[in-house]
Amino acid sequence: MLKNERGNTLITVLLMSLIFTVLGMSILAASLGGAKRTETRERDISITYDSVKLIDQMTSELAGILPNLPLEDYRRKNTEGKLYVRSNFDIDLKNKLKDDLIAPYRTKENISCLNIIDLSGSSASFIDSSAPCMDDISDYDTFNIELENDFTRVLDIIIVTKNPVETEGKITRTLRKRLILSPLPSFLKYAAGSFSDDNGSGLFLNGSANFSGNVYANRLTLNDDAEYDLRDGTKKKQDTNMSSINGDLYSSTANLLPLLEEKNFYKDHVPELKHDSQFINIDFERTMNEAANEFLSSNGIPAFRTGNGSTFSEEIKSGILSSFAINTVIAEQVKKQAGLPEILQEIGNNNEDDFKSYLINTLEDASLLNGLIQGDVVIMAEDTSLELNEKLIVDGDLYLVNFEDLTINEDILVTGRTHLVNFNGKLEVNENIISAKDIIIESYVHNSGALSSKGIKVNGDILSGKNTAINALNTSIEMTGTIISNESFTINGDETGEPSENDQVIFDSVVYAGKRANISNVNVLGSENNTKQLVLMAKDNLLLTRINEFGNFDPDDEEGMPYIPEDERIKPLKGFFYTEKEAELYGVGSLFYINGGIFAKEKLIINAIRGETDSIENLPSKSSQLDKYSRFIVNYDQNVLLQRIDTLPIVQHLQIFSDELLIE
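For every chain, the first residue of its written sequence is number 1, and the numbers climb from 1 along that sequence. A pLDDT threshold of at least 70 governs which residues receive local features in this predicted model, and a stricter bar of 80 or more applies before side-chain atom pairs are shown or counted, although totals over entire chains, interfaces and linings include all residues. Remark: hydrogens and water are excluded; side-chain values derive from all non-hydrogen atoms of the structure.

1. Here's the deal with the pairing of strand β18 (residues 356-360)
We treat two strands as partners when DSSP finds at least two bridges between them. Where helices and strands are cited, they refer to DSSP runs of H or I of at least four residues and of E of at least two residues respectively, numbered from the N terminus. Where strand β17 (residues 336-338) and β18 come together, three bridges link them in antiparallel fashion. Bridged to Lys336 within β18 is Tyr358. Sheet analysis places β18 next to strand β20 (residues 376-381), joined by four bridges and oriented parallel. Bridge pairing in β20 links Ser357 to Asp376.

Right, here's the structure in full:
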């Protein structure tokens, strides 16, 4: 029987047509979807890029807004002479941010929301509360700045994006850029730098230093040879790698552009060049004069530091003598001794044949110390602890010496030299020290792990009409006040002590030095578990030598950027170091590791190699230095911008420190 198969061919054709149509539609749909996703992605990148540029533009415009809020207009002193911030400062700042920074840009077509969050106080708040970009910001971490006492402010710029072409798909990104507005001098914003643009000045990087943080230079010189001196003064060079900058390179000039080549930087990593037209230097002489004169005035001494301060010592002496009455009681009850006690003769520097001094070493004699005492005075806690609760005023030299605890709870005013000498126990000064001549602080006590019961601790401010020296000899000394030294400022450790480099001075201090500043053979740490720091500013040259000499990191193999070691044995110098003149530093035999920054107004020269060394005659070759930690490292400490440091100079207006940019 024959089957009728007519029509099957048609069905087959229709079926095949349907299959191919479906396949074609699927392919077409996939192609259209891919193209649409590609188009949406491109749009996302474009909108995000435009928003990043907008944040940079807002940051730049904010730098132009801040000079319209001169800080002098908002600074006032209360009845106690303490500076405070007028309440209208925050009102004026917020109005400027709202009217000049937020309003002009929030209506752009690719922006869903634009605002600024103020994180300065104890709680977060939007600058323009009428248009918040999110419902809840109560979880934001804030900085608890005392707004009535401090100009520092912390702001987050927030931008939420949108795609204005809805047919391309929904695109939403949130961008956050943190800005710190700081009244502190510009040099505190950088890991290292130099301001000068004169020929032969600027920042010189000889060899392979490493900076984790931004670097500033108006003139930069890069060399692949580290220079160093032998002990006999012979100058030598060591071929090494180039320096690494793990941050941005800032400048107010275009001088640095030709240097931005891979061959000029460690492992070919070229830092991004940024321009900082708002760099503001300090007026060092004016600032130091103001600090000194305010300190003297608050202590009732009519003396004034002006100009270079060459007559300052005599003015302090005259001011002390004119302000306090002479005590005649002690001259009748305590006889003078010839010369210094034997134990002080080697460290005392008064070689006059007829030198005589009062020796106070009992509680009864100590009770006589009130009013102005004429003559040199030795107060010695030799066999018993002494505590003085009267103002100590001496027309002569003063020696504070202890074997037992010696505590001074009132101001010390001296027309001659002041010596603090610690042999054992605790020597603690809880108020201010003013000395018309030198102040010498020297400790011999072995107090490792016993800082609370042994050693010298000065909790007040100190001012010397001449030089200030701190000698930490196999010991630890703690200073937590402002130090003003009319001439040089020196910190020395004991080069021959055992173990070496065990000397340390712990600071929470701002130091002004009218001449040179020298630091040698000593560790500089911060007080309060290393959360504070030393800020040292010198009018003349700055010299830091023999720090961790022939010490080595363990391990010394670096683990990628930012090339910061984690060896806890090597304690970083916790501080910021500034000179109006020049500084030349050597990370060749020494192992420099600064947690803070270093800056020279005129010339900063850094010489450094990488890797281990045990003597200056046995330096590693260039090839063996690769992948090793540098022997000169600066790890910038941003926290200094958020600390209230009353005795630092305040610049004319707030400056911007740009922090992290987050894109979500």
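2. Thoughts on the sheet that holds strand β4 (residues 125-126)
Pairing between the strands of a sheet comes from backbone hydrogen bonds, and it takes one of two forms, parallel or antiparallel. Spatially, β4-β3-β5-β6-β47 is the arrangement adopted by the five strands of the open sheet, whose pairing is antiparallel. The open sheet has two edge strands, β4 and β47 (655-663), and neither has a second partner. Across two bridges, strand β3 (residues 111-118) lies against β4 in antiparallel orientation. When the sheet's bridge partners are listed, Ile117 is paired in β4 with Phe126. The contact rule is simple, with two residues in contact once any of their heavy atoms fall within 4.5 Å. Whenever a helix is involved, its axis is fitted only over the stretch in contact; in every case the axis is a line through C-alpha atoms, and angles between N-to-C directions fall within 0 to 180 degrees. Contacts from helix α2 (residues 88-102) reach β3, β4, β5 (153-161) and β6 (174-182) within the one sheet, and its direction differs from that of β3 by about 165°.

3. Re the packing of aromatic side chains
Centre distance within 6.5 Å is the pairing criterion for rings of Phe, Tyr and Trp, where only the six-membered ring of Trp is used; planes under 30 degrees apart are then read as stacked, over 60 as edge-to-face, and the remainder as tilted. For the structure on display, the rule yields 22 aromatic pairs. Where Phe187 meets Phe599, the ring centres are 6.5 Å apart and the plane angle is 45°; that geometry is what we call tilted. Here the residue Phe187 occupies a position in the loop between β6 and β7 (192-194), and Phe599 occupies one in strand β44 (residues 592-600), the gap between them amounting to 412 residues. Each member of the pair, Phe187 as well as Phe599, is classed as buried. Ring geometry for Phe423 and Tyr444: centres 5.3 Å apart, planes at 10°, overall stacked. Taken together, the residues span a long stretch of sequence, with Phe423 in the loop between β26 (418-422) and β27 (426-429) and Tyr444 in the loop between β29 (439-443) and β30 (455-458) at a distance of 21 residues. An aromatic cluster of three or more residues is present, and its members are Phe187, Tyr190, Phe195, Tyr216, Tyr250, Phe279, Tyr578 and Phe599. To sit over a ring, a charge needs its Lys NZ or Arg CZ within 6 Å of the ring centre and within 35 degrees of the ring normal. Lying over the aromatic face of Tyr563, Arg610 brings its terminal NZ or CZ to 5.8 Å of the ring centre. Each residue is assigned to one of three classes by its accessible area relative to the maximum for its type, calculated with a 1.4 Å probe on protein chains only: buried under 20%, partly exposed between the two thresholds, exposed over 50%.

4. What to know about α2
Since there are 3.6 residues in each turn of an α-helix, residues three or four apart along the chain are aligned in direction. Between the first and last residue of a helix there are one fewer steps than residues, each counted as 1.5 Å, and that sum is the expected span. Here α2 contains 15 residues, and its C-alpha end-to-end distance of 20 Å stays within 8% of the 21 Å for a straight helix at 1.5 Å per residue. Residues Phe89, Asp90, Leu93, Leu97, Leu101 and Ile102 constitute the buried set of α2. All buried residues of α2 lie within an arc of 110° about the axis, which places them on one face of the element. Directions pointing from the helix axis toward each C-beta atom define the arc.

5. Some details on the pairing of strand β13 (residues 235-239)
As paired elements, strand β12 (residues 225-229) and β13 share five bridges and run antiparallel to each other. The residue bridging Tyr228 from the neighbouring strand is Lys236, located in β13. Hairpin remark: β12 followed by β13, antiparallel, with five residues in the connecting loop; positive phi at Gly233, about 90°.

6. As for helix α3 (residues 284-298)
Along its 15 residues, α3 runs 21 Å from first to last C-alpha, staying within 8% of the 21 Å computed at 1.5 Å per residue. Taken as a whole, α3 has its buried residues at Phe284, Glu285, Thr287, Met288, Asn289, Ala292, Asn293, Phe295 and Leu296. As for α3, its buried residues are in contact with α4 (312-323), β28 (433-435), β31 (462-464), β34 (483-485), β37 (509-513) and β40 (534-538). A positive phi of about 75° marks Gly300, the residue just after α3.

7. Details of the state of the cysteines
When the sulfur atoms of two cysteines come within 2.5 Å, that pair is taken as a disulfide. Under the defined criterion, the tally for this structure stands at one disulfide. Between the sulfur atoms of Cys113 and its disulfide mate Cys133 the distance is 2.0 Å. Because the torsion about its S-S bond is -90°, the bridge between Cys113 and Cys133 counts as left-handed. Of this pair, Cys113 sits in strand β3 while Cys133 sits in the loop between β4 and β5, and the two are 20 residues apart along the sequence. We classify Cys133 as buried; its relative accessible area is 16%.

8. Describing a nonpolar patch on the surface
Where nonpolar side chains cluster on the molecular surface, the patch consists of Leu15, Met16, Leu18, Ile19, Phe20, Val22 and Leu23 and spans about 660 Å² of accessible area. Tracing the backbone shows Ile19 in helix α1 (residues 8-65). Each patch is assembled from residues with relative accessible area greater than 30% and no salt bridge, linking like charges that lie within 9 Å and nonpolar side chains (Val, Leu, Ile, Met, Phe, Trp, Tyr) that lie within 5 Å. Surface accessibility follows the Shrake-Rupley procedure with a 1.4 Å probe radius. Residue values consider only the protein chains on display as shielding. A carboxyl oxygen of Asp or Glu within 4 Å of a side-chain nitrogen of Lys or Arg is what we treat as a salt bridge.

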